[in-house]
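# Summary of the model geometry
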Amino acid sequence: MSTDGGLNVGILVFDEADELDVIGPFEVCTAWAEHSRVKPHLSTFSCDGDGVRLAGGLRMLPNRSADDVGPLHLLVHPGGWGAMALLEDAEHLAWLRAVRAQTPVVAGTGAGALVLAAAGLLAGRPATTHRDGYDELARIDPSVVIDTEARFVDDGDVVTAAGAATGIDMALHLVARLESDTVADAVRRAIRYDHVPPSDTLDT
């Protein structure tokens, strides 16, 4: 947790989370910290602080546990097969609702958007998710307005991305939104990411 007034970013990790849903935003936020004047502080965290095994087998030891990561300005909730188990995890959904109440921006990548929906955070909102999850998102909450074309959807305090590399687009967009287009462009160049979503549209 930041102690010097910086902006706190937390990326949740859990068993069977998608690697790119985690690493894409992580890489963007790490580069952001190197180019920023708003002093973002990035933490990875798991529910209990223990290490996790991501969907492709990558093992990861997070910085913190859910109990000591906050308060956050931005929470990133990845998807992956592990997210599907969280859809029925009442304790996790209650935690997510509580975190949402005190976190200015909550972002879900891929199936992470399904978890946000299961927690009631996407009701009546535009959102996207991985293309394989459109039907499941509609089943979880029929009131969600699903955008099947956008790489990411920014609805103010809740942002969703379609998963995989779109999490990088989403994270760069959030850097621009939370700091500036100039810094976001510096981060994009630093990570040598050449796909540049138009700044005036959610659809690339």
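No experiment lies behind these values; they were computed from the predicted model shown.

Thresholds applied
- Residues numbered from 1 in each chain as written.
- Predicted model: local features only at pLDDT ≥ 70, side-chain atom pairs only at ≥ 80, totals over all residues.
- Heavy atoms only, no water.
- Helix = DSSP H or I, 4+ residues; strand = E, 2+ residues; numbered from the N terminus.
- Buried < 20%, exposed > 50% of the residue type's maximum accessible area, 1.4 Å probe, protein only.
- Contact = heavy atoms within 4.5 Å.
- Areas by Shrake-Rupley, 256 points an atom, 1.4 Å probe, with all protein chains shown as cover.
- pLDDT = per-residue confidence, 0-100.
- Axes fitted to C-alpha atoms, helices over the stretch in contact; angles between N-to-C directions.
- Parallel < 35°, antiparallel > 145°, perpendicular 65-115°, else oblique.
- Left-handed = near helix turned anticlockwise from the far one by under 90°.
- Salt bridge = Lys/Arg side-chain N within 4 Å of Asp/Glu carboxyl O.

As a further point, take the overall build of the protein chain. The helix and strand tally for the protein chain stands at seven helices and 11 strands. For the protein chain, the spread of C-alpha atoms along the principal axes amounts to about 40 × 35 × 35 Å. Within the span of the protein chain, comprising 204 residues, buried residues form 50% of the whole. The long-range share in the protein chain, meaning contacts at least 24 apart out of those at least 6 apart in sequence, stands at 62%. With an accessible surface of roughly 9,400 Å², the protein chain has 50% of that area assigned to carbon and sulfur atoms.

To continue, consider the confidence of the model for the protein chain. The predicted model of the protein chain averages 93 in pLDDT, with 93% of residues at 70 or higher. Across residues 199-204, where pLDDT falls below 50, the model places 12 contacts with residues more than four positions away in sequence or in other chains.

The angle between the axes and the distance between the axes are what describe a pair of packed helices. Contact pair helix H1 (residues 19-35) / helix H7 (residues 181-190): the axes reach a minimum separation of 9 Å and the direction vectors enclose 120°. Considering their axes alone, H1 and H7 lie oblique with respect to each other. Judged by the twist between their axes, the crossing of H1 over H7 is right-handed. In contact with Val28, Ala31, Trp32 and His35 of H1, H7 contributes Val183, Ala186, Val187 and Ala190.

What follows concerns the pattern of salt bridges. Here the structure, examined in full by the defined rule, presents nine salt bridges. The partner of Glu16 in a salt bridge is Arg53, and the shortest N-O contact between them spans 3.7 Å. Pair noted here: Glu16 is in the loop between strand E1 (8-12) and H1 and Arg53 is in strand E3 (residues 52-53), with a separation of 37 residues, a long-range link. Given the relative accessible area of 35%, Arg53 is considered partly exposed. It is possible to trace a salt-bridge network through shared partners that takes in Arg100, Arg125, Asp155 and Asp157.

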